[in-house]
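Residue-level structure breakdown
Given next are the chains, with one letter for each unit.
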Amino acid sequence: MGKAIEVKGLQKSYKKLHVLKGVDLEVEKGSIFALLGSNGAGKTTVVKILSTLLQSDSGTVTVNGFDITSKPDQVRQSISLTGQFAAVDEILTGRENLILIAKLRHLKNPRQVADDMLKRFGLTDAADRKASTYSGGMRRRLDIALSLVGKPQIIFLDEPTTGLDPEARIEVWKIVKELADGGTTVFLTTQYLEEAEQLADRISILHEGKIIASGTLAELKKLFPKTKVEYVEKQPTLEEIFLAIIGKKEAM
Ligand SMILES: Nc1ncnc2c1ncn2[C@@H]1O[C@H](COP(=O)(O)OP(=O)(O)O)[C@@H](O)[C@H]1O
Ligand SMILES: [Mg+2]
């Protein structure tokens, strides 16, 4: 397994605000990597730099073996990006959105590509409705489907589940797992510990401009050993109760 992404000493300031103060991270090919950080930590800034939308101040980044500064076109051909805010065109139907992107990517059979994606993302029944009528979860699914048109090797998902209800969140988790099973490298950002825990092979925690911890979930847990063992009766969380009621827990 080679590296899909390597980042060394990445720095970025917005005027006086020093957001990234030397970020180092690595992502293995075909793995799911989670960049965990609170609101404003700089996650979107990292994603924008890695996907060539924003220039860094210093540091080196290679994506799919290509340096982002000297080979941005090759980087762009290897990746896709689903931003924090959906890129779906509301006026078009789900099918039309997909066909549009397939055409923009110069694919041979845009209709067929769209049909396949609609099926894969459970949107066939809604295919000919305007995206403006979709629920948050459907829209997010369409958004991810759009970014997968053309089979990128690496996909960036910037807070893919922020604002989704628990049911839709689990649907997105399933999609992310399937992507990685199919060999796609997934770089996702999240504010939710639970999301990183559920999905990621490796997690890096971004805090005050630096990666303060990196590793597998098991490794991270070892970094913070419990000092004392307490026995408490565990109450299910509201989310677990909700999911049990709607019968989604087995789907995970
Ligand atoms: N274009 C910009 N100009 C000035 N400040 C920005 C800009 N983009 C982001 N910031 C600031 O940089 C910090 C990190 O932002 P961001 O990368 O969006 O964090 P996150 O995605 O983790 O919430 C925040 O304090 C944000 O307000
Ligand atoms: Mg963000």
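You'll find the structure just up there.
This section reports on the structure supplied with the text. Remember, it's a predicted structure, so these values are computed and weren't measured experimentally.

**Structural notes on the overall build of the protein**
Scanning the protein from N- to C-terminus turns up 9 helices and 10 strands. For the protein, with 252 residues in total, the buried portion stands at 42%. Relative to all contacts within the protein whose residues are 6 or more apart in sequence, the contacts with residues 24 or more apart total 66%.

**Description of the site of ligand 1**
Around ligand 1, the structure places Y14, L17, V19, S38, N39, G40, A41, G42, K43, T44 and T45. Between ligand 1 and A41, the relevant distance is 3.2 Å, taken from an oxygen atom to a main-chain nitrogen or oxygen of the residue. Between an oxygen atom of ligand 1 and a main-chain N or O atom of G42, the distance comes to 2.9 Å. The leading source of residues in the shell around ligand 1 is helix 1 (residues 43-50), at 3 residues.

**Focus: the nonpolar core**
Residues L98, F121, L142, I144, V176, V186 and L188 are the most contacted members of the largest nonpolar core, which totals 43 residues. Contributions of two or more residues to this core are made by strand 3 (32-36), helix 3 (94-104), helix 4 (110-120), helix 5 (136-148), strand 7 (154-158), helix 6 (166-181), strand 8 (185-190) and helix 7 (193-199). When residues in this core are grouped by element, the largest group, 8 residues, is from helix 6. Once residues within four sequence positions are removed from consideration, L188 is found in contact with I32, F33, A34, L35, L157, V176, E195 and L199. With 26 residues, the next largest nonpolar core counts V7, F33, V46 and L50 among its residues.

**Looking at the sheet that holds strand 4 (residues 58-63)**
A sheet is described by the order of its strands in space; here 4 strands give the open sequence 2-1-4-5, paired in antiparallel fashion. Across the chains shown, the open sheet's two edge strands, defined by having one partner strand only, are strand 2 (17-28) and strand 5 (66-67). In terms of strand pairing, strand 4 meets strand 5 through 2 bridges, oriented antiparallel. Across the sheet, V63 pairs through a bridge with F66, a residue of strand 5.

**Side note on the packing of helix 5 against helix 6**
Two elements in contact, helix 5 and helix 6, have axes separated by 9 Å at closest approach and are oriented at 20°. Our classification of the angle between helix 5 and helix 6 gives roughly parallel. The handedness of the crossing between helix 5 and helix 6 comes out as right-handed. Side by side, helix 5 and helix 6 meet where G137, R140, R141, I144 and L148 of the first sit next to A168, E171, V172, I175 and L179 of the second. The residue inventory of the contact of helix 5 with helix 6, partitioned by class, reads 6 nonpolar, 1 polar and 3 charged.

**Some words on the sheet that holds strand 8**
Pairing within the open sheet is mixed, and its 6 strands lie in the order 6-7-8-3-9-10. Among the strands making up the open sheet, the edge pair consists of strand 6 (79-82) and strand 10 (210-215). Taken pair by pair, the neighbouring strands of this sheet meet at an average axis angle of 15°, ignoring direction. Sheet analysis places strand 9 (residues 202-207) next to strand 10, joined by 5 bridges and oriented antiparallel. Along strand 10, the bridge assignment pairs I203 with G215. This element, helix 1, spans strand 3, strand 6, strand 7, strand 8 and strand 9 of the sheet and lies at about 150° to strand 8. Of the strands in this sheet, strand 6 and strand 7 touch helix 5, which is tilted by about 160° from strand 6.

Parameters at a glance
- Residues numbered from 1 in each chain as written.
- Chains lettered and ligands numbered in written order.
- Predicted model: local features only at pLDDT ≥ 70, side-chain atom pairs only at ≥ 80, totals over all residues.
- Heavy atoms only, no water.
- Helix = DSSP H or I, 4+ residues; strand = E, 2+ residues; numbered from the N terminus.
- Buried < 20%, exposed > 50% of the residue type's maximum accessible area, 1.4 Å probe, protein only.
- Contact = heavy atoms within 4.5 Å.
- Near = heavy atom within 4 Å.
- Polar contact = N/O pair within 3.5 Å; in protein donor to acceptor, adjacent residues only side chain to side chain.
- Core = buried A, V, L, I, M, F, W, Y, C linked by side-chain atoms within 4.5 Å.
- Pairing = 2+ DSSP bridges.
- Axes fitted to C-alpha atoms, helices over the stretch in contact; angles between N-to-C directions.
- Parallel < 35°, antiparallel > 145°, perpendicular 65-115°, else oblique.
- Left-handed = near helix turned anticlockwise from the far one by under 90°.
- Nonpolar A, V, L, I, M, F, W, Y, C, P; charged D, E, K, R; others polar.

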